[in-house]
Amino acid sequence: MPVEKFETLISACVPLPIENVDTDQIIPARFLKATTRDGFGKNLFYDWRYRAGGLPNPDFVLNSPRYSGQILVAGKNFGSGSSREHAAWALHDYGFKVVVSSFFADIFKSNALNNGLLPVQVSEPFASRLFKAIDNDPETKLMVDLENQQITLMADGSGEGFEISAYKKKCLLNGYDDIDYLLSREPDIIAWEGRRD
């Protein structure tokens, strides 16, 4: 699956103010049999989205007509549990480009960055501000500026900076996976090899 270039994103948000969401809740283990990354979005948060018999649970946020967008605003400690990369695949395949939380499990964060999904870690006060704003107005928009590492609540202009490794930032901005990045450095590699001769 090619990695899309990440440009500045302005989008409405889907709120999930639940702490300690683990990877089995994001994508239950029984759906991990596929051999490609495609199609996992339909089973994202399956046990919360659906009731017995596969009927949609109207109380779950992804089934609510109030909320939409490419940004998931999640509770603290998002992506804990097992290291399954499928959790990032499912979120990306569903249509999310950014997940915002006040804390991410390290392995989930790494898997997200490797699969074109940007995890934006914010302070707990700013996360609370976001949840409150989205609750008051479901059309609340956030701007995520990767180049300047800034997230902004469009309604009032408040925002925060966020951290990301320089390498992963370059990959996302250019739409590179690890191999694409190495290929982009081919002239430098050839020049270095030439100096060794």
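About the criteria used
Residues numbered from 1 in each chain as written. Predicted model: local features only at pLDDT ≥ 70, side-chain atom pairs only at ≥ 80, totals over all residues. Heavy atoms only, no water. Phe/Tyr/Trp six-rings, centres within 6.5 Å; stacked < 30°, edge-to-face > 60°. Helix = DSSP H or I, 4+ residues; strand = E, 2+ residues; numbered from the N terminus. Expected span 1.5 Å × (residues − 1). Contact = heavy atoms within 4.5 Å. Polar contact = N/O pair within 3.5 Å; in protein donor to acceptor, adjacent residues only side chain to side chain. Salt bridge = Lys/Arg side-chain N within 4 Å of Asp/Glu carboxyl O. Buried < 20%, exposed > 50% of the residue type's maximum accessible area, 1.4 Å probe, protein only. Pairing = 2+ DSSP bridges. Right-handed = clockwise from strand over helix to strand, strands pointing away.

### Section: the packing of aromatic side chains
Taken as a whole and judged by the stated rule, the model has 10 aromatic pairs. Their ring planes at 40° and their centres at 4.6 Å tell us that Tyr46 and Tyr50 sit as a pair that is tilted. Linked through ring pairs, Phe31, Tyr46 and Tyr50 together constitute an aromatic cluster.

### Some words on helix H5 (residues 124–136)
The end-to-end C-alpha distance of H5, which contains 13 residues, comes to 18 Å, matching closely the 18 Å that a straight helix rising 1.5 Å per residue would cover. On its buried side, H5 packs onto strand S1 (9–16), strand S2 (71–74), strand S3 (98–101), strand S5 (141–145), strand S6 (150–153) and strand S7 (159–161). One side-chain oxygen of the residue at the start of H5 lies 3.2 Å from the amide nitrogen of Phe126, identifying that residue as Ser123.

### Describing the pattern of salt bridges
A full pass over the atoms with the stated rule returns six salt bridges. Close ionic contact of Asp59 with Arg51 constitutes a salt bridge, the shortest N to O distance being 3.4 Å. Residue classification places Arg51 among the partly exposed residues on the basis of a relative accessible area of 47%. With a closest N to O distance of 3.0 Å, Lys76 and Glu124 form a salt bridge. Of this pair, Lys76 sits in the loop between S2 and helix H3 (86–94) while Glu124 sits in helix H5, and the two are 48 residues apart along the sequence. Its relative accessible area of 33% is what places Lys76 among the partly exposed residues.

### Describing unusual backbone geometry
Positive phi outside glycine occurs at Asn20, with the angle close to 60°. Within the fold, Asn20 resides in the loop between S1 and helix H1 (23–26). The partly exposed category is assigned to Asn20, whose relative accessible area is 45%. A positive phi angle, close to 65°, is found at Asn77, a residue other than glycine. When you line up the elements, Asn77 lands in the loop between S2 and H3.

### Section: the pairing of S3
By the alternation rule, side chains of S3 split into Val98 and Val100 and Val99 and Ser101, which are all buried. Sheet analysis places S2 next to S3, joined by three bridges and oriented parallel. Its bridge partner lying in S3, Val73 is registered against Val100. You can see the chain leave S2, run along H3 and come back into S3, and the turn it takes is right-handed.

### Brief notes about the environment of Asp106
Summarising the element assignment, Asp106 is placed in helix H4 (residues 106–114). Separated by 23 residues in the primary sequence, Asp106 and Ser83 place their C-alpha atoms 9.3 Å from one another.

### With respect to the pairing of S6
Taken residue by residue, a regular strand's side chains alternate between the two faces of the sheet. Where S5 meets S6, four bridges bridge the pair, whose relative direction is antiparallel. Looking across to S6, one finds that Val144 is bridged to Ile151. The turn joining S5 and S6, which pair antiparallel and follow one another in sequence, is formed by four residues; a positive phi near 50° is taken by Gln149. Sheet topology places S6 next to S7; three bridges connect them, and they run antiparallel. Looking at the pairing, Gln150 lines up with Gly161 of S7. Between S6 and S7, which pair antiparallel in sequence order, lie five residues; one of them, Gly157, sits at a positive phi of approximately 80°.

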